[in-house]
Structure formats: C-alpha cells, structure tokens
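As a plain string of letters, each chain reads:
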Number of protein chains: 2
Amino acid sequence: MKILLVEDEPKLASFIKKGLTSEGYDLTIAYDGQMGLSLAQQQPYDLLILDVNLPLLNGFELCRRVRADYPHVPIIFLTAFDSLEDKVLAFEAGADDYLVKPFAFQELLLRVRALGRRQQAAEAVRHVLSLADLELNLDAKVVTRAGQRIDLTTKEYALLEYLLLNQGRIISRVAIAEHVWDVNFDTNTNLVDVYVSYLRKKLDRGFSPKLIHTVVGMGYVMRAE
Amino acid sequence: MKILLVEDEPKLASFIKKGLTSEGYDLTIAYDGQMGLSLAQQQPYDLLILDVNLPLLNGFELCRRVRADYPHVPIIFLTAFDSLEDKVLAFEAGADDYLVKPFAFQELLLRVRALGRRQQAAEAVRHVLSLADLELNLDAKVVTRAGQRIDLTTKEYALLEYLLLNQGRIISRVAIAEHVWDVNFDTNTNLVDVYVSYLRKKLDRGFSPKLIHTVVGMGYVMRAE
DNA sequence: CTTCGACTAGCAGGATTTTCATGGGCGCGG
DNA sequence: CCGCGCCCATGAAAATCCTGCTAGTCGAAG
C-alpha cells in the first residue's frame, strides 16, 4: 500500500517511515506542503498522513486541494494541539482521522490499518482482473483464458485492461481512445475497432461465452453471458 | 442516514439520540448486545455506534459478528477507558473509529460525519434513475427491469433517459422530438410514437406494472401505477 | 344507432448508419 | 533485410433508423 507522509520534522518523519516500512507499507516523505501537493497530484496514493503545520502550504489547505482530485483517498492528520477547534477544521477539510502529537507508534499503525482495510477489498481484486474464465494479472501483465495463456501486444493489453476495469459498463470509443491512446480528439479513424477486433480474435475466438460485446451506436462492453 | 446505537446507559443513549436526530440522522437504540446484533442483522445500517461494555454480548464480539454479514459498514466504538490495549482490540475487531467517554458531543458528530461522507461519496457516483423495478444506470448506460438486463439501441436509450428524467411529468411529442432528435419543428411524422412503441415492447411487455402511459392529446408520461 | 374525424399502436421494408474483417503501408529493432 | 507491432483505408455485412401504411380506439355530431 502506497502512503504519502507530509511532515517537516525530519526526525519524526523518518521515525514514522521506518515503522511503517517495516510493517510492509510503501511510504514516501514530503517535507513541505508544496512538495506534498505536487507528489499527491502526480500519482494516486492509498493513504495520506499530513502534518497540520507545514511550510508553504498548511495541512488543511493541502487536504482540500488533494481532495479535489482524489475525493476518496483516506487522510490522517497529525497535530501538536488537542483542540476541538482544530479537529473541526480537520474534519471539515475532509479528514478521516486525527492524531495528537506525541502519539505512540502503535496508535498510528492502528489508524493506518483501519483505513487501509477499506482499500484492501478493492486492492485485492486490483491485482487480478477477471471475468468468467478470463484472467488478467496486473502485476505480471499476463492474460489467461480457461487457464490457457494468451499473448497480447502492448496496445492490446492496455485496451483489455481498460475494458476489464470497466466490465459491465458500456464504454464509448472516445473514452477508449482517451485512455488507451491518450488522444482527446476525434481521430476519425477506426483504430479502436481494429484493436477490439484483434482482442476478439485472441480472446473470444474458440471460447465460450463471448466476453466482448458491441453496443451499436454506443461503444463496447465486456460481460459474461 | 440510518444509525444503530448500542448503549446500555439510558441517559447517554438518549442524549446521543437527541443530538444526532436533531442533526437529521435516523437513529435507533439497542440496549444490549443481543438486541443490537438482532437489529443489525435484520436490516443494513449506514453506521454503527457500539459501547464496548455491553450486557449479554460485548461490543467487540458484536462488531465481529456484524462484520461477518456487512464487511463495509462503518463502526465507531465508545469506551470508558483510554487504554492502548482496548484500542488495539477495537481496531482488530474491525472498528473504524474510537471515542473515550466522556466525550464532547461535537467529537462524536465529527466522527459520524466523516464516516458518513464515505458512504455518500460511494452513493454519489452511482448515477441511477429508477422507477419501480426499472433502473437506468447513467454511468454504465445499462438498463434493467426486475434485475434483468434490457438491451436498448441508442435512440431508445436516449428516449428512455429523457422520459425517466421527467418521470411523473407529461411530456409532449414536440418536447421529446426536440430533446432526443434535436429537431425543433413539427416533422409531421410518427417517429416518436414508433420509438415509444419500441420501448414499450422491451420494457413493459411481460412486466407489471406498465410504466409508459399515453395521455391522449398531450403526450406520454412514465409512472408506476 | 351510425358515422365521422382526431388520435394512437404497431408493422414492414427500404434507406441510412455503424461495425467488422482484411489487406497493406510504415517504422523500428534484431 | 525481416518480422512484428502499429495504424489507415476499404468494401461488405449487420444493425438501426425512419417513412408510410393499416388498423384500432374513442368521443362527438348527426
């Protein structure tokens, strides 16, 4: 689980990092609010631990800005004062939890675990996407159908991953083009169609049930039926 | 938002109930662990607030048993002692938060709001129009009736979406033509009628009650009756 | 009671749009 | 150079869309 810690006291920061790392978490430290914001916007973290008093950008403001991009990411605040007013501010800014310094490391660990548990369920299925007897392993980037390995090219894989992430949802060609090819204009080509065709040949031909379905006028959808 | 409070001190219980009710929450009180478990199993609550020391079944055990049925329901513990050991037990049992008595009501309210926000967010991304047992998922562009998927063409879907957005209202053919076909003149055709007919065949034929109704001389209306 | 007109339901098939599969060009790395 | 992955273009095939038509309903007028 990827955690971002934003804390300007180097000693406390490295103490926390050591502790959580040894518990198997993947933790990055930012030493001021700007750095924290920049990191948080670059990639999604599973959990944010924010000091309230930070140089350049305080924790509350940072929290608000991050929440604009990632409304669901769990956030824990660390603060030096145990004032109700601060708590109100923290929760209003969108905090999920709140710890007053000094705290026992065990305390922090409990909070991290509690918030992590939320993600866990989603995380567990995030390593392997599956639909009927089709499996896509996100780590190994290996795809199998009925236990049989299927070799895909880079683009084919990217397309399949996107479609499987949205299984059951009808996805438009434009949405596919944006996510798989990073084009946000109408290319006026049948690129998407061609790759769906490739995928069908490899995934559906010779297997049952068919998993890739066309919805005329709307796009494509993956479902077992 | 439906909350279940399990607390054996009547005075504290009614204090909490009064406070949260005035904040617009729908709160039920259970006075012992058994009663709490029985209620929690009967219907899903959006949030559980559990005292740790309860007659018949203690809070930790209650938490575990409820989590077996509802793994994601947020749970807040109330306890009389501020011991780290208790916190460990609470979080291991699956708690999301923890309050030590006595606490300011404001404190509890903050926690309730923070945990409620979670649910809300999950709810908000579920863009669903519904009428009786008919559901239209705007995100996935999938329509179901009585749990059974119904495949619609683009125009049929657009028409249904418009009608459902205006459910209960009588919509004229002209208004439909404008919104679904982007024509703002009288085309002198029975296009709308034809598509309503298509929808009826797919949505209403074989189901009850009928949802699409004709209002002679005025247009169409969707309602359950 | 009958007729008439206004209105609606639903079908059928040709017109139109959308999708599929294939062949081939291009560029890159072995 | 060769093979492979990537992308474009084309025509055939399929699905959808729309028009025109018939049949049916209902109420009011004769």
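Residues numbered from 1 in each chain as written. Chains lettered and ligands numbered in written order. Predicted model: local features only at pLDDT ≥ 70, side-chain atom pairs only at ≥ 80, totals over all residues. Heavy atoms only, no water.

A. Examining the sheet that holds strand E5 (residues 97-100) of chain A more closely. All names here are of chain A. Taken in spatial order, the five strands make up an open sheet running E2-E1-E3-E4-E5, and their pairing is parallel. Both outer strands of the open sheet, strand E2 (26-30) and E5, are each paired with one neighbouring strand and no more. When the angles between neighbouring strand axes are averaged without regard to direction, this sheet yields 20 degrees. One ladder, built from four bridges, connects strand E4 (residues 75-79) with E5; its direction is parallel. Along E5, the bridge assignment pairs Leu78 with Leu99. (Pairing = 2+ DSSP bridges. Helix = DSSP H or I, 4+ residues; strand = E, 2+ residues; numbered from the N terminus. Axes fitted to C-alpha atoms, helices over the stretch in contact; angles between N-to-C directions.)

B. How the structure looks around the environment of Ser130 of chain A. As for its placement among the helices and strands, Ser130 of chain A is situated in strand E6 (residues 128-131). Residues Ser130 of chain A and Leu165 of chain A, 35 residues apart in the sequence, show an inter-C-alpha distance of 9.2 Å.

C. Focus on the protein's contact with DNA strand C. The environment of DNA strand C is made up of 23 residues, and the closest members are Thr214 and Tyr220 of chain A together with Arg173, Asn190 and Thr214 of chain B. Protein-proximal atoms of DNA strand C, defined as those within 4 Å of the protein, fall in sugar or phosphate at a share of 84%. Across the surface near DNA strand C, the residue classes break down as seven nonpolar, eight polar and eight charged. (Near = heavy atom within 4 Å. Nonpolar A, V, L, I, M, F, W, Y, C, P; charged D, E, K, R; others polar.)

D. Molecular detail of the interface of chain B and chain A. The interface of chain B with chain A comprises 26 residues on the first partner and 26 residues on the second. Buried area between chain B and chain A, both sides added, is near 2,400 Å², and the carbon and sulfur share of it is 56%. Arg111 of chain B serves as the salt-bridge partner of Asp97 of chain A, at 3.7 Å between the closest nitrogen and oxygen. At the surface where chain B touches chain A, the tally comes to four residue pairs in polar contact (both at pLDDT 80 or more). Taken together, the elements giving at least two residues each to the side of chain B that touches chain A come down to helix H4 (84-93), helix H5 (105-124) and helix H6 (154-165) of chain B. In terms of residues, the side of chain B that touches chain A owes the most to one element, H5 of chain B, which gives eight residues. Class assignment for the residues of the side of chain B that touches chain A results in 10 nonpolar, five polar and 11 charged. (Contact = heavy atoms within 4.5 Å. Buried area = accessible area lost by both parts, 1.4 Å probe. Salt bridge = Lys/Arg side-chain N within 4 Å of Asp/Glu carboxyl O. Polar contact = N/O pair within 3.5 Å; in protein donor to acceptor, adjacent residues only side chain to side chain.)

E. Geometry of the layout of surface pockets. Its volume calculated, the second largest pocket comes out at about 380 Å³. Lining the second largest pocket we find 19 residues, and of these Asp82, Lys87 and Arg111 of chain A together with Lys87 and Arg111 of chain B sit closest to its centre. Looking at the lining of the second largest pocket residue by residue, the class counts come to 11 nonpolar, no polar and eight charged. (1 Å grid on protein atoms, 1.4 Å probe; cavity = no way out; pocket = protein on both sides within 12 Å on 5 of 7 lines; lining within 4 Å. Points joined across faces, edges and corners; volume = space filled by probe spheres on them.)

F. Broad picture of the sheet that holds strand E1 (residues 2-6) of chain B. Residues and elements named next belong to chain B. Taken together, five strands build an open sheet; the order of strands is E2-E1-E3-E4-E5 and the sheet is parallel. At either end of the open sheet lies a strand with only one pairing partner, and these are strand E2 (26-30) and strand E5 (97-100). Sheet twist, expressed as the average angle between the axes of neighbouring strands with direction ignored, equals 20 degrees. The strands touched by helix H1 (residues 10-22) within the sheet are E1, E2, strand E3 (47-51) and strand E4 (75-79), with E2 carrying the most contacts at an inclination of about 170 degrees. Together, E1 and E2 form the strand contacts of helix H2 (residues 33-42), whose direction differs from that of E2 by roughly 140 degrees.

G. Layout of the domain arrangement of chain A. By the assigned domains, chain A splits into domain 1 (2-126) and domain 2 (132-222). Here domain 1 of chain A and domain 2 of chain A have C-alpha centroids that lie 36 Å from each other. (Domains from an automatic or database assignment.)

H. Structural context of the protein's contact with DNA strand D. The environment of DNA strand D is formed by 21 residues, the closest being Thr153 and Tyr198 of chain A together with Thr153, Trp181 and Tyr198 of chain B. In DNA strand D, atoms within 4 Å of the protein come 67% from sugar and phosphate. A distance of 2.6 Å separates a base nitrogen of DNA strand D from a polar side-chain atom of Tyr198 of chain A.

I. Expanded view of unusual backbone geometry. Pro209 of chain A follows Ser208 of chain A through a cis peptide bond whose omega is 0 degrees. Along the polypeptide, Pro209 of chain A turns up in the loop between helix H8 (191-203) and strand E10 (212-215). Its identity as a non-glycine residue notwithstanding, Ala146 of chain B has a phi of 55 degrees, on the positive side. Residue placement: Ala146 of chain B occurs in the loop between strand E8 (142-145) and strand E9 (148-150).

J. Region of the structure containing the packing of aromatic side chains. Residue and element names in this part refer to chain A. Summed over the entire model, instances satisfying the criterion amount to eight aromatic pairs over all chains. Relative to Phe105, the ring of Phe15 has its centre 5.9 Å away and its plane inclined at 75 degrees; by these criteria the two rings are edge-to-face. In this pair, Phe15 is assigned in helix H1 (residues 10-22) and Phe105 in helix H5 (residues 105-127), connecting sequence segments 90 residues apart. Take Phe15: its relative accessible area is 45%, and that puts it in the partly exposed class. (Phe/Tyr/Trp six-rings, centres within 6.5 Å; stacked < 30°, edge-to-face > 60°. Buried < 20%, exposed > 50% of the residue type's maximum accessible area, 1.4 Å probe, protein only.)

K. Main features of the pattern of salt bridges. Residues and elements named next belong to chain A. One pass over the full model with this rule turns up 24 salt bridges over all chains. When the shortest N-O distance is used, the salt bridge between Glu156 and Lys202 registers 2.9 Å. Taken together, the residues Glu156 in helix H6 (residues 154-165) and Lys202 in helix H8 connect sequence positions 46 residues apart. For Glu156, a relative accessible area of 4% translates into the label buried. A salt bridge links Glu225 to Arg223; the shortest N-O distance between them is 3.9 Å.

L. Fine view of the nonpolar core. All names here are of chain B. Core analysis: the biggest nonpolar cluster contains 35 residues, and Val143, Leu160, Ile176 and Met222 have the highest contact counts within it. Contributing elements (two or more residues each) for this core: strand E6 (128-131), strand E7 (134-137), E8, H6, helix H7 (173-181), helix H8 (191-204) and strand E11 (219-222). With six residues, the single largest contributor to this core is H6. Sequence-distant contacts of Ile176, that is, excluding residues within four places in its chain, are made with Leu159, Tyr162, Leu163, Ile171, Trp181, Val192 and Tyr220. (Core = buried A, V, L, I, M, F, W, Y, C linked by side-chain atoms within 4.5 Å.)

M. Highlighting H6 of chain A. Residue and element names in this part refer to chain A. The end-to-end C-alpha distance of H6, which contains 12 residues, comes to 16 Å, matching closely the 16 Å that a straight helix rising 1.5 Å per residue would cover. Turning to H6, its buried residues number three or more, namely Glu156, Tyr157, Leu159, Leu160, Tyr162, Leu163 and Leu164. Contacts from the buried residues of H6 go to E6, strand E7 (134-137), strand E8 (142-145), helix H7 (173-181), H8 and strand E11 (219-222). (Expected span 1.5 Å × (residues − 1).)

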